[in-house]
Amino acid sequence: MLEFCLHVLIMSAIFGIAAVSLNLQAGTSGLLNFGQIALFGIGAYAVAILTRAGLPWPAALLAGMAAAALGGFAIGRLGRDLAAEYWALATLAVAELVRLVALNEDWLTGGPQGIGGITGLFPGLDGPARALATLALAAALLLATALTARRLGETQFGRVLRLMRENPDLATALGHDIVACKVKVLAIGGAMAGLAGGLYTLYLAFIGPDQLLPFETFLIWTMVVLGGLGNVAGAVVGALLVTTLYAGIPFLKDIVALPSDLTGSLRVFAIGSIVLAALMLKPQGLVPERLRRLHAQRP
Amino acid sequence: MTLSVHEVRAGYVPDADILNGLSVTVEPGEIVTILGPNGSGKSTLLKTVVGQLRPRAGRVVADGRDLAGIPVHRRIRDCGVAYVPQLDNIFGPLTIRENLELGGQFVEPAARKARLEQLLEHYPNLGRKAGARADSLSGGERQMLALARALMPGPRHLLLDEPSAGLSPLMMDELFAHIRRIRDREGVSVLMVEQNAAESLEVSDRAYVLVMGRVHREGTAQEILEDETVGHLYLGAGPVH
Ligand SMILES: Nc1ncnc2c1ncn2[C@@H]1O[C@H](COP(=O)(O)OP(=O)(O)O)[C@@H](O)[C@H]1O
Ligand SMILES: [Mg+2]
């Protein structure tokens, strides 16, 4: 039970980082990135490939962040003249492209089997001590990420991002280059998502293409939306909630004798139900507070 | 220091021109008002000058530079063209000070700070509430904030879309007097779209009347004010005296 709790907390911290990253892009800046898992995946695979090649994990993690930042930069540059909706669809396509590369380029990514046997974090420790140390590391990195995102939101750059979200034409008329802002946010968000992906690989000592399915992006979106778009603390809480539920459902089968092939569908079903329930019961909680006030004042 | 629009055609959807070969000139330090019925293309004209719409034909020239090659976000910086749209022209969740800062991104930090303090002095109503959220301001104050923010980078040309919309008659007079003071103090030229013809013409040097994306009449403010057909058809001048 303790092991399970530690596992859930570690996963929550890792996905919390990915959720804070998505919140910066979608909540703060209004960029509907439906390919978040690609940035996570780039970090995850980069760390796997580099540690396998003998790089120590901190260096691999930094390189993974840099690779994912580059990925974010590319997604930001991609169709920079596209309308927001088409760009959002494009991000989904890019994420699938990244997954297909992971699935098919066996020489680099191990193909469908993925990359395993990675020397994980803290090989000197074992059992609960190792889990505790991992949790401490993941939690510290989550805190650093969340504080960075929050600080960023309070800078002039952060205010420009919010203006870009609400009124891009006005932002442009005031002299702000919104394409440059978009690219910058995606690079920063990419580095954060890459950090999450790298930690994921190091913690599980494995990464495979199934971790890059579009459903994973949906999970991260659920965390952000549940916590309330535009709210850093909310993204962290959302990550804890969704991760606990997602990891907890397989335990049901021990309690109510569920066939194990059902648990997969049940997970998807449960997450979907939560989103629906939240949308129906508390729709205002799903919209950033600032957006709401702004709309309320219009005639 | 002249802002001019030459034979411009522009529109929102292919093959449907809203501006049908329209020419407008604003000389340095002039206040020029654009009048015309709803849907005649007044706002579209301003959007074309700031670059939100690309002209399909014709040219927009500021101080001798063709704006076609200048990215939209560089027009304030490189050409001194500032724009205050009609709606959503302030950012409510931010404070008044933060709103002003958003307008001065490219001013040197020291100069920006000085400029901000100067504007807060020129606008005592805003100065008193500098730390308050912009959406706590009244309609008139919001318009003043939008104007002040447009002035942050020291523009040479000011484009205003219906600055008096929704203001009480008293506020309206104050606003127009204020626009004149801005012109005198800052030496900017002003191109403004207005519905309140009589009041805006009073502070203007010249005016154009647009109909269906074309210039229907142009002249000094006095000439337009006295033009009977213009008065009856487009100025909403009310019953004949
Ligand atoms: N964003 C837009 N997309 C399509 N058509 C538009 C848009 N904005 C304005 N129009 C059309 O362009 C014409 C001129 O509009 P506009 O320039 O706003 O008029 P005015 O400011 O003189 O009232 C109108 O027929 C209007 O319906
Ligand atoms: Mg208009």
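All values reported here derive from a predicted model rather than from experimental measurement. (Residues numbered from 1 in each chain as written. Chains lettered and ligands numbered in written order. Predicted model: local features only at pLDDT ≥ 70, side-chain atom pairs only at ≥ 80, totals over all residues. Heavy atoms only, no water.)

Peer 1: Can you explain the overall build of chain A? Please cite residues and give values.
Peer 2: Tallying secondary structure elements over chain A gives 13 helices and zero strands in all. Going from N to C terminus, chain A has its helices and strands arranged as α-α-α-α-α-α-α-α-α-α-α-α-α. Computed over its C-alpha atoms, the radius of gyration of chain A comes to 19 Å, within 12% of the 19 Å expected for a compact globule of 299 residues. In terms of overall dimensions, chain A has a C-alpha envelope of 60 × 45 × 35 Å along the principal axes. With 299 residues in all, chain A has 51% of them scored as buried. Within chain A, counting contacts between residues at least 6 apart in sequence, those at least 24 apart form 75% of the total. Working note: accessible area of chain A is about 13,200 Å², and carbon and sulfur atoms make up 69% of it. (Helix = DSSP H or I, 4+ residues; strand = E, 2+ residues; numbered from the N terminus. Rg over C-alpha atoms; globule rule 2.2 N^0.38 Å. Buried < 20%, exposed > 50% of the residue type's maximum accessible area, 1.4 Å probe, protein only. Contact = heavy atoms within 4.5 Å. Areas by Shrake-Rupley, 256 points an atom, 1.4 Å probe, with all protein chains shown as cover.)

Peer 1: Please give an account of the overall build of chain B that cites residues and values.
Peer 2: The secondary structure content of chain B amounts to 10 helices and 10 strands. Looking at chain B as a whole, 52% of its 241 residues are labelled buried. Of the contacts made within chain B by residues no fewer than 6 positions apart, 66% connect residues no fewer than 24 positions apart. About 10,400 Å² of surface is accessible on chain B, with carbon and sulfur atoms providing 51% of the total. Here chain B contributes 27 positive and 31 negative side-chain charges, whose respective centroids are spaced 7 Å apart. (Lys, Arg positive; Asp, Glu negative; His and termini not counted. Charge placed at Lys NZ, Arg CZ, Asp CG, Glu CD.)

Peer 1: If you had to explain the interface of chain A and chain B to someone new, which residues and values would you point to?
Peer 2: Across the contact, 20 residues belong to chain A and 23 residues belong to chain B. Both faces considered, chain A and chain B share a buried interface measuring about 2,000 Å² in area, 57% of it formed by carbon and sulfur atoms. It is Gln156, Arg159 and Leu174 of chain A in chain A that bury the most area against chain B; as a group they hold 26% of the surface buried on that side. The interface formed by chain A and chain B holds two salt bridges in total. Residues Arg159 of chain A and Glu98 of chain B are paired through a salt bridge, measuring 3.4 Å at the closest nitrogen-oxygen approach. Our count for the contact surface shared by chain A and chain B stands at seven residue pairs in polar contact (both at pLDDT 80 or more). Of all the secondary structure elements, the ones that give two or more residues to the side of chain A that touches chain B are α7 (156-166), α8 (168-173) and α13 (289-296) of chain A. It is α7 of chain A that provides the largest number of residues to the side of chain A that touches chain B, a total of six residues. Split by residue class, the side of chain A that touches chain B holds six nonpolar, six polar and eight charged. (Buried area = accessible area lost by both parts, 1.4 Å probe. Salt bridge = Lys/Arg side-chain N within 4 Å of Asp/Glu carboxyl O. Polar contact = N/O pair within 3.5 Å; in protein donor to acceptor, adjacent residues only side chain to side chain. Nonpolar A, V, L, I, M, F, W, Y, C, P; charged D, E, K, R; others polar.)

Peer 1: An account of the sheet that holds strand β9 (residues 206-211) of chain B is requested, with residue identities and associated values reported.
Peer 2: Residues and elements named next belong to chain B. The six strands lie next to each other as β6-β7-β8-β3-β9-β10, forming an open sheet whose pairing is mixed. Only two strands of the sheet have a single neighbouring strand rather than two, namely β6 (81-84) and β10 (214-220). Strand-to-strand twist across the sheet, computed as the mean angle between neighbouring axes with direction ignored, equals 15°. Contacts from helix α1 (residues 42-50) reach β3 (31-35), β6, β7 (157-161), β8 (189-193) and β9, with the element oriented near 145° to β7. (Pairing = 2+ DSSP bridges. Axes fitted to C-alpha atoms, helices over the stretch in contact; angles between N-to-C directions.)

Peer 1: Lay out the packing of helix α1 (residues 2-28) of chain A against helix α2 (residues 36-52) of chain A with the relevant residues and their values.
Peer 2: Residues and elements named next belong to chain A. Running from N to C, α1 and α2 point in directions that differ by 130°, and their axes come no closer than 11 Å. Considering their axes alone, α1 and α2 lie oblique with respect to each other. Pair α1 / α2 crosses with right-handed handedness. Across from Ile14, Phe15, Ala18, Ser21, Leu22 and Gln25 in α1, the residues of α2 making contact are Gln36, Leu39 and Phe40. Counted by class, the contact of α1 with α2 contains six nonpolar, three polar and no charged residues. (Parallel < 35°, antiparallel > 145°, perpendicular 65-115°, else oblique. Left-handed = near helix turned anticlockwise from the far one by under 90°.)

Peer 1: Pulling in residues and values, what's your account of the site of ligand 1?
Peer 2: Residues and elements named next belong to chain B. With respect to spatial proximity, the complete set of residues near ligand 1 consists of Tyr12, Ile18, Pro37, Asn38, Gly39, Ser40, Gly41, Lys42, Ser43 and Thr44. Between an oxygen atom of ligand 1 and a main-chain N or O atom of Gly41, the distance comes to 3.1 Å. Taking Ser43, its side chain carries an N or O atom lying 2.8 Å from an oxygen atom of ligand 1. Notes on ligand 1: free accessible area 550 Å², of which the protein chains cover 58%. Class assignment for the residues of the shell around ligand 1 results in three nonpolar, six polar and one charged. (Near = heavy atom within 4 Å.)

Peer 1: A description of α1 of chain B should follow, citing residues and the corresponding values.
Peer 2: For α1 of chain B, the tally of buried residues reaches seven of nine residues, placing the bulk of the element in the interior. Directly after α1 of chain B, the chain includes Gly51 of chain B, whose backbone phi takes a positive value near 105°.

Peer 1: Tell me about the pattern of salt bridges, and please be specific about residues and values.
Peer 2: Tallied over the full model, the rule gives 19 salt bridges over all chains. Here Arg183 of chain B makes a salt bridge to Asp205 of chain B, at a shortest N to O gap of 3.0 Å. Within this pair, whereas Arg183 of chain B is found in helix α7 (residues 169-186), its partner Asp205 of chain B is found in the loop between α8 (197-203) and β9, the two being separated by 22 residues in sequence. Classification of Arg183 of chain B by relative accessible area gives buried; the value is 11%. Among the charged side chains, a network of salt bridges with common partners joins Arg159 of chain A together with Glu98 and Glu101 of chain B.

Peer 1: If you had to explain the packing of aromatic side chains to someone new, which residues and values would you point to?
Peer 2: All names here are of chain A. The final tally for this structure, using the stated rule, is seven aromatic pairs over all chains. With centroids separated by 5.4 Å and ring planes inclined at 15°, the aromatic side chains of Phe15 and Phe40 adopt a geometry described as stacked. Taken together, the residues Phe15 in helix α1 and Phe40 in helix α2 connect sequence positions 25 residues apart. Using a relative accessible area of 0% as the deciding quantity, one classes Phe40 as buried. Here the aromatic rings of Trp57 and Phe122 are separated by 6.2 Å at their centres, their planes lie at 70°, and the arrangement is edge-to-face. Pair noted here: Trp57 is in helix α3 (residues 57-77) and Phe122 is in the loop between α5 (106-109) and α6 (127-154), with a separation of 65 residues, a long-range link. Among the aromatic side chains, those forming a connected cluster through ring pairs are Phe15, Phe40 and Tyr200. (Phe/Tyr/Trp six-rings, centres within 6.5 Å; stacked < 30°, edge-to-face > 60°.)

Peer 1: Please provide a residue-by-residue account of empty space enclosed by the protein, values included.
Peer 2: On inspection of all chains with the given rule, the structure shows two cavities of 30 Å³ or more. Contributions of two or more residues to the lining of the largest cavity are made by β6 and α6 (139-151) of chain B. For the lining of the largest cavity, the residue count by class is seven nonpolar, one polar and one charged. Size it by volume and the second largest cavity reaches roughly 40 Å³. Surrounding the second largest cavity, Ala173 of chain A together with Val50, Val72, Arg75, Ile76, Val81 and Tyr83 of chain B form its lining. Broken down by secondary-structure element, the contributors of at least two residues to the lining of the second largest cavity are α2 (75-79) and β6 of chain B. Classifying every residue of the lining of the second largest cavity by side-chain character gives six nonpolar, no polar and one charged. (1 Å grid on protein atoms, 1.4 Å probe; cavity = no way out; pocket = protein on both sides within 12 Å on 5 of 7 lines; lining within 4 Å. Points joined across faces, edges and corners; volume = space filled by probe spheres on them.)

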